[in-house]
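Okay, here's what each chain looks like letter by letter:
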Amino acid sequence: GDKFVQLYIVQDRGDGVRASDFWHSDLSYLPVPGKATLLYALEIPDGNGGPTEFVDMVDALERLPPAMRAAVLSTKGAHHRKSFTGMVGRPECVHEPTRLTGDGTHALFMSPGYTAGLVGLPREQSDYMLQRLWGVCFQPSRILTYEWSVGDVIVWDNRSVVHRARTLELKPGARRC
């Protein structure tokens, strides 16, 4: 099929909270989510480039307790680009709970940034299950933190990891691109 590459410039810390401040897999709210992301640091704020953090979702899936894993695998994730706001109507896209990675393994394909709920479950039950799931996935010992320097290039597979930008501590208007 046709290849589509989306390119945009990430810059300037605004006043508000953005989806990138929450754990997410890029473009998971689309029917065909992104496979890979590449970031190139042209400019970072003095002393703090707003680190990027990563979590291996293959590992997260493997670490789920058996009952939780069975419950998650029996549903689907409702994805929405505004999920992080809590003000979501119907999902923009529904995905299976796992995604096949580039090396043929399965990774958990849900995230607080874009997974608005679990299909077929009442809101309270869905929220409760997702909060328990996030507790397993985002344990501090499982987070890799990347500290930026000008000229750095990083590439990651959105099928196997989730990430977030730690830019909330930056001053509004801090330029990073």
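Residue positions within a chain follow its written sequence, with the count starting from 1. Side-chain atom pairs in this predicted model are given and counted only at pLDDT of 80 or more, local residue features only at pLDDT of at least 70, and totals for whole chains, interfaces and linings cover all residues. Hydrogens and water molecules were not included; the side-chain quantities draw on all heavy atoms of the structure.

Brief notes about a nonpolar patch on the surface
Part 1 of the reasoning: On the surface, Leu38, Tyr40, Leu42, Val153 and Val155 cluster together into a nonpolar patch covering about 510 Å² of accessible area.
Part 2 of the reasoning: Helix and strand definitions here come from DSSP, where helices need a minimum of 4 consecutive H or I residues and strands a minimum of 2 consecutive E residues; each element is numbered from the N-terminal end. Put simply, the parts of the chain that give the nonpolar patch at least two residues each are strand E1 (36-40) and strand E9 (153-157).
Part 3 of the reasoning: Following the sequence through the fold, Tyr40 ends up in strand E1. For patches, a residue must show more than 30% relative accessible area and have no salt bridge; joins then use 9 Å for like charges and 5 Å for nonpolar side chains, namely Val, Leu, Ile, Met, Phe, Trp and Tyr. Under the convention used here, a 1.4 Å probe and the Shrake-Rupley method define accessible areas, while residue burial counts only the protein chains that appear. What counts as a salt bridge is simple: a side-chain nitrogen of Lys or Arg found within 4 Å of a carboxyl oxygen of Asp or Glu.

Quick word on the sheet that holds strand E10 (residues 161-165)
Part 1 of the reasoning: Two strands are counted as paired when DSSP detects at least two bridges linking them. The antiparallel open sheet is built from 3 strands, whose spatial order is E8-E2-E10. If you trace the sheet from one side to the other, it starts and ends with strand E8 (144-146) and E10, each paired once. Averaged over all neighbouring strand pairs, the angle between strand axes comes to 25°, with direction disregarded.
Part 2 of the reasoning: Inspection of the sheet shows strand E2 (residues 52-56) paired to E8 by 3 bridges, in the antiparallel sense. Note that in E8 the partner of Thr52 across the bridge is Tyr146. Axis definition: a line fit to C-alpha positions, over the contact stretch in the case of helices; interaxial angles, taken between N-to-C directions, run 0 to 180 degrees.

A short note on helix H3 (residues 123-137)
Part 1 of the reasoning: Look at H3: 21 Å from first C-alpha to last across 15 residues, which is about the 21 Å you get at 1.5 Å a residue.
Part 2 of the reasoning: Between buried and exposed lies partly exposed: a residue is buried under 20% and exposed over 50% of the maximum accessible area for its type, with that area taken using a 1.4 Å probe on protein chains only. Buried residues of H3: Ser126, Met129, Leu130, Leu133, Trp134, Val136 and Cys137, and no others. The buried residues of H3 occupy an angular sector of 155° when the element is viewed end-on, so they sit on one face. In this structure, H3 carries Glu124, Tyr128 and Gln131 as exposed residues pointing more than 90 degrees from its buried face. Under the convention used throughout, the expected extent of a helix is 1.5 Å for every residue step, that is, one less than its residue count. This arc corresponds to the set of directions leading from the helix axis out to the C-beta atoms.

Let's talk about the sheet that holds strand E4 (residues 93-95)
Part 1 of the reasoning: Here 3 strands make up an open sheet; going across it, the order is E4-E3-E7 and the pairing antiparallel. Each end of this open sheet is capped by a strand with a single partner; those strands are E4 and strand E7 (115-118). Between one strand axis and the next, the sheet turns through 30° on average, direction left out of account.

Thoughts on the side chain of His79
Part 1 of the reasoning: Turning to its location among the elements, His79 is positioned in strand E3 (residues 77-79).
Part 2 of the reasoning: For His79, a relative accessible area of 1% corresponds to the buried category.
Part 3 of the reasoning: Nitrogen and oxygen atoms within 3.5 Å of one another constitute a polar contact, given that in protein one can donate a hydrogen and the other can accept it, and given that sequence-neighbouring residues count only through two side-chain atoms. Within the structure, the side chain of His79 is placed 2.9 Å from the side chain of Ser28, a separation counted as a polar contact.

Some thoughts on the environment of Val55
Part 1 of the reasoning: Tracing the chain through its elements places Val55 in strand E2.
Part 2 of the reasoning: Along the sequence, Val55 and Gln139 sit 84 residues apart, while their C-alpha atoms lie 9.1 Å from each other.
Part 3 of the reasoning: The contact criterion used is simple: two residues touch if any of their non-hydrogen atoms lie within 4.5 Å. Every residue in contact with Val55, bar those within four places of it in the chain, is listed here: Trp23, Cys137, Phe138, Arg142, Ile143, Ser160, Val161 and Val162.

Overview of the environment of Ala174
Part 1 of the reasoning: As for its placement among the helices and strands, Ala174 is situated in the segment after E10.
Part 2 of the reasoning: The class for Ala174 is buried, based on a relative accessible area of 14%.
Part 3 of the reasoning: Taking C-alpha positions, Ala174 is 9.1 Å from Asp46, a pair spaced 128 residues apart along the chain.

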